[in-house]
Amino acid sequence: MRELVKFIAMSLVDDPDQVEVTEIPGDHMIIIELRVAPEDMGKVIGKQGRIAKAIRTVVKAAAVKEKKKVTVEIV
Amino acid sequence: MIVIEKCGKTEHEAIESALKELGATRDEVEIEILEESSRGLFGIIGGKQARVKVTKKYNYGEEAKSFISKIFDKMNVQVEIEVEEDSDKIRIDLKGDNMGLLIGHRGETLDSLQYLTSLVINKGKENYKRVLLDTENYRQKRERALEKLAKRLAQKVKRTGRRVVLEPMNPYERRILHFTLQDDPHVITYSEGEEPYRKVVIALK
């Protein structure tokens, strides 16, 4: 899951070296934290959060397949 | 875009070695001859090597396929990806066992993948190419379903005289509803609300 978020984020931003993804396992839910360069925030959030929503939707599909609950937070 | 320069005994040889290094075919590149080869005296003295500049053109379809296939690798799903490219758009068709998962609720996963692919392949490019992602003819089936829904709801509006507000839809789906009822003499359609919760309304004229 972490790899998936990382790959999508690195494909979208201008500065892929600054993409950092951490996975925090929990009892009910895995939290994935995504960090990018400040200049690249717009590239992973988008207008009205449209890009962030698309990333979350794709990750959710991957999580359903693994029977897990995942939330992606952009920090 | 990747550019490399190569030398060789002949132009042909230089081009071939450049193509090999780029992993490209002739129609995927632009070739510029920088220096022509010459045989020189008796083919030994003063011979000059050919020098060529080979530029690999950006290939939207290939980039799209590579992006999507990597996503599916990381999702652990086996999908066959077919890409068709023309001057302004790329059609991608997916085939596999788990397509329901990739379509998602009302196509939201398919739409998200389509949107992300479009962002990635058009990033920093002058020309914009539209990406159309489909599987198992989902787009057409959804279109037919929306047309039927529009006609059924129009009947209801005529019967009851009350307007009907549909659930939020994306611009593409709203367009299908407006289009289906545009020639109906008894009802009008319009959208209200803000994206991404914009809804189509069907009302009496």
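Residues numbered from 1 in each chain as written. Chains lettered and ligands numbered in written order. Predicted model: local features only at pLDDT ≥ 70, side-chain atom pairs only at ≥ 80, totals over all residues. Heavy atoms only, no water.

Undergrad: What's the story with the overall build of chain A in this structure? I'm lost.
TA: Scanning chain A for helices and strands turns up three helices and three strands. N-terminal to C-terminal, the α/β element order of chain A is α-β-β-α-α-β. Against the compact-globule benchmark of 11 Å for 75 residues, chain A has a radius of gyration of 12 Å, which places it among compact chains. The principal-axis extent of the C-alpha atoms belonging to chain A is close to 35 × 20 × 15 Å. Classification of the 75 residues of chain A by burial places 40% in the buried group. In chain A, of all internal contacts separated by at least 6 residues, the share reaching a separation of at least 24 is 51%. Accessible surface, chain A as shown: approximately 4200 Å² in total, 52% of it carbon and sulfur. Separation of charge centres in chain A, based on 13 positive and 12 negative side chains, amounts to 10 Å. (Helix = DSSP H or I, 4+ residues; strand = E, 2+ residues; numbered from the N terminus. Rg over C-alpha atoms; globule rule 2.2 N^0.38 Å. Buried < 20%, exposed > 50% of the residue type's maximum accessible area, 1.4 Å probe, protein only. Contact = heavy atoms within 4.5 Å. Areas by Shrake-Rupley, 256 points an atom, 1.4 Å probe, with all protein chains shown as cover. Lys, Arg positive; Asp, Glu negative; His and termini not counted. Charge placed at Lys NZ, Arg CZ, Asp CG, Glu CD.)

Undergrad: Just checking my understanding: could you explain the sheet that holds strand β2 (residues 30–35) of chain A for this structure?
TA: Working definition: the strands of a sheet are paired by backbone hydrogen bonds and lie parallel or antiparallel to each other. Residue and element names in this part refer to chain A. Taken together, the three strands give an open sheet; going across it, the order is β1-β2-β3, and neighbouring strands pair in mixed fashion. What marks the edges here is a single partner per strand, and that holds for β1 (20–24) and β3 (70–74). Strand-to-strand twist across the sheet, computed as the mean angle between neighbouring axes with direction ignored, equals 20 degrees. (Pairing = 2+ DSSP bridges. Axes fitted to C-alpha atoms, helices over the stretch in contact; angles between N-to-C directions.)

Undergrad: Just to check I follow, could you spell out the environment of B:Lys6 for this structure?
TA: Residues and elements named next belong to chain B. Relative to the assigned elements, lysine 6 resides in strand β1 (residues 2–8). Taking the C-alpha atoms as reference, lysine 6 lies 9.9 Å from isoleucine 33; in sequence the two are 27 residues apart. If near-sequence neighbours (up to four positions away) are discounted, lysine 6 is found in contact with Ala14, Ser17, Ala18, Glu21, Ala50, Arg51 and Val52. Of the polar contacts made by the side chain of lysine 6, one reaches the side chain of glutamate 21; its length is 2.8 Å. (Polar contact = N/O pair within 3.5 Å; in protein donor to acceptor, adjacent residues only side chain to side chain.)

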